[in-house]
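Coordinate inspection notes
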Amino acid sequence: MASSLTKDSASTPGSEKTFFGHPRGMATLFMTEMWERFSWYGMRGILVLYMVAAVLDGPLKEREALAVSIYGVYNAVVYMAAMPGGWIADRLWGARKAVLVGGIVIALGHFTLAIPSDTAFFAGLALIAAGTGLLKPNISAMVGGLYEGQSSARRDAGFTLFYMAINIGGMAAPLVVGYLGENVDWHLGFAVAGIGMTLAVVQYVLGGRYLGDVGKQPGTPATPEEKRTVLRKVLLWAGIAVLALLADIALGTYDIEHIVNVLAVLGLVVPVVYFISMFRNPALTAQDRPKIQAFVWFFATAVLFWMIYDQSGSLLTLFADGKTDRMIGGWEFPASWYQSVNPAMVIVLAPIFAALWVKLAQRNREPSTPMKFALAMLLIGGSFGIMGLAGAAAANSDTGKVTVFWLLSVYLVQTIGEMCLSPVGLSLSTKLAPKQFVGQIMGLWFLATATGNALNGWTTKLNKPLGDAMYYSLWAVIAVAAGLTFMMAGRKIRALMGDVK
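In short, a report on the structure. (Residues numbered from 1 in each chain as written. Predicted model: local features only at pLDDT ≥ 70, side-chain atom pairs only at ≥ 80, totals over all residues. Heavy atoms only, no water.)

1. Brief notes about the pattern of salt bridges
- Taken as a whole and judged by the stated rule, the model has twelve salt bridges.
- Across the pair Glu-33 and Lys-136 runs a salt bridge, and its minimum N-O distance is 2.5 Å. Taken together, the positions of Glu-33 in helix 1 (residues 25-51) and Lys-136 in helix 5 (residues 118-145) put the pair 103 residues apart, joining distant regions of the chain.
- When its relative accessible area of 22% is taken as the criterion, Lys-136 is described as partly exposed.
- Salt-bridge contacts for Arg-37 lead to Glu-36; the nearest nitrogen and oxygen are separated by 2.7 Å. For the residue pair Arg-37 and Glu-36, the accessibility class agrees, reading buried in each case.
- Connected via shared salt-bridge partners are Asp-321, Arg-326, Glu-332 and Lys-401. (Salt bridge = Lys/Arg side-chain N within 4 Å of Asp/Glu carboxyl O. Helix = DSSP H or I, 4+ residues; strand = E, 2+ residues; numbered from the N terminus. Buried < 20%, exposed > 50% of the residue type's maximum accessible area, 1.4 Å probe, protein only.)

2. A closer look at unusual backbone geometry
- At Asn-364, a residue that is not glycine, the phi angle is positive and equals roughly 60°.
- Inspection of the secondary structure puts Asn-364 in the loop between helix 12 (341-362) and helix 13 (369-395).
- Note on Asn-364: relative accessible area 73%, which makes it exposed.

3. Comments concerning empty space enclosed by the protein
- One pass over the structure, following the stated rule, counts one cavity of 30 Å³ or more.
- For the largest cavity, the calculated volume is near 30 Å³.
- Secondary structure elements with two or more residues in the lining of the largest cavity: helix 4 (95-113) and helix 7 (186-206).
- Here the lining of the largest cavity takes four residues from helix 7, the largest share from any one element.
- Here the residues of the lining of the largest cavity are counted per class, giving seven nonpolar, two polar and no charged. (1 Å grid on protein atoms, 1.4 Å probe; cavity = no way out; pocket = protein on both sides within 12 Å on 5 of 7 lines; lining within 4 Å. Points joined across faces, edges and corners; volume = space filled by probe spheres on them. Nonpolar A, V, L, I, M, F, W, Y, C, P; charged D, E, K, R; others polar.)

4. Looking at the packing of aromatic side chains
- Here the structure, examined in full by the defined rule, presents 22 aromatic pairs.
- Note on Trp-35 and Phe-38: the rings are 5.3 Å apart at their centroids and 70° apart in plane angle, and the pair reads as edge-to-face. A residue pair is termed a helical-turn pair when its members lie 3 or 4 positions apart in one helix, as Trp-35 and Phe-38 do in helix 1 at three residues.
- For Trp-35, a relative accessible area of 23% puts it in the partly exposed group.
- A residue is classified by how much of its surface remains accessible, and Phe-38, at 8% relative accessible area, is buried.
- Considering the side-chain rings of Trp-306 and Tyr-309, the 5.1 Å spacing of their centres and the 85° angle between planes classify their relative orientation as edge-to-face. With a gap of three residues between them, Trp-306 and Tyr-309 both fall in helix 10 (residues 289-309), about one helical turn apart.
- On the accessibility criterion, Trp-306 (9% relative accessible area) is buried.
- An aromatic cluster of at least three residues, connected via ring pairs, comprises Tyr-50, Phe-121, Phe-122, Trp-186 and Phe-190. (Phe/Tyr/Trp six-rings, centres within 6.5 Å; stacked < 30°, edge-to-face > 60°.)

Take a look at the structure:
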């Protein structure tokens, strides 16, 4: 990508260089995030394909449904890891150190995946989840820190630029890692993802001088007693988990699916506990309580949306691999390349939708937030309606395959739905959250993705007994029904939102 480090014409003489008109430190964080997302989406693009390729001689061999479940639950664990990762930065290390350590751990995880061993495979996944939990929330916090004291419009523009880094990395990764993994060697693909993360760490260290004091110190350092309390709780729950695992092994009943189910339950329990504790908190005023109730509606809808949306990396990838004609001339392109479609569409559509909402608002015709969420659900339901038709077409085809345009249509509809829900929900969370609960509400918004993926640990198992046409059509009906329900409840939800628009 061409550099755009130029003097800021609007600043005083001698001011620091800028990155597309933004603080120079944004270049450091932009490139770190781009390479981190390259490593993540590259690994994710081939993860399910690797697990079902019968290259594992251990517990996953010829267990396609379980592999898909592991994919969903693993995504949930990665998003849940952001909660303790944020705590470590806020209370112990500061965001700067948390991002550095997280990046190193992620790189080690990818290189561990490159070792052809079942044990190394699961160890690598664990390292990537832990490292992502440290890096993901805290690099976003550092982006915000670069704009301390500046206008909200400038901050929003900075996050838009940062969002582009995510999608540039996400678009490029499957093209490179996917090709190497599927056509050369799976473990080479994982290793290249590790190289991408290593580049992120190197340039993060080299560009650290441009970050100033951002993220150097924890926001609210934990007291020695708080540290001891947290350590005791961590050791207690870790001990319980280890004892349960050992008991399962000793009884001869151990199956990897037991771990998958426990983690799936955890993905559901954590947000429920958060909501209960929030409603019971005496600091929650009578004026703020209805806003949290409104947020519950948005949270539940987002869970269903992400549950369907994130099957693109599991069931839809398997559909691309086995039931889609990917021939171009005499060459068959890798199934993982489909994972580049959504980021590419986001790069094109995001600025269009941002401009569209502004135009509609100027004419006083912008849809309300509940209406945008309802549209998102109708669109995600429509995408699985298309998948249902694709499944039926594949079943009735002489070759058992359909053209690439089926999946391209699905991804287009899903991306439009994402534009109606993802950035809108992020902004809404900051507006609905009472001042004392901003962090928790933001954490819950990201936990909606974790909960949706946790549910995928179970729901995707229905695909094989139901068949593609029935499975996708079922979730299409459920999503459309949810969208219509949200639409009909719009007036009630807007009343709960109070002065929030």
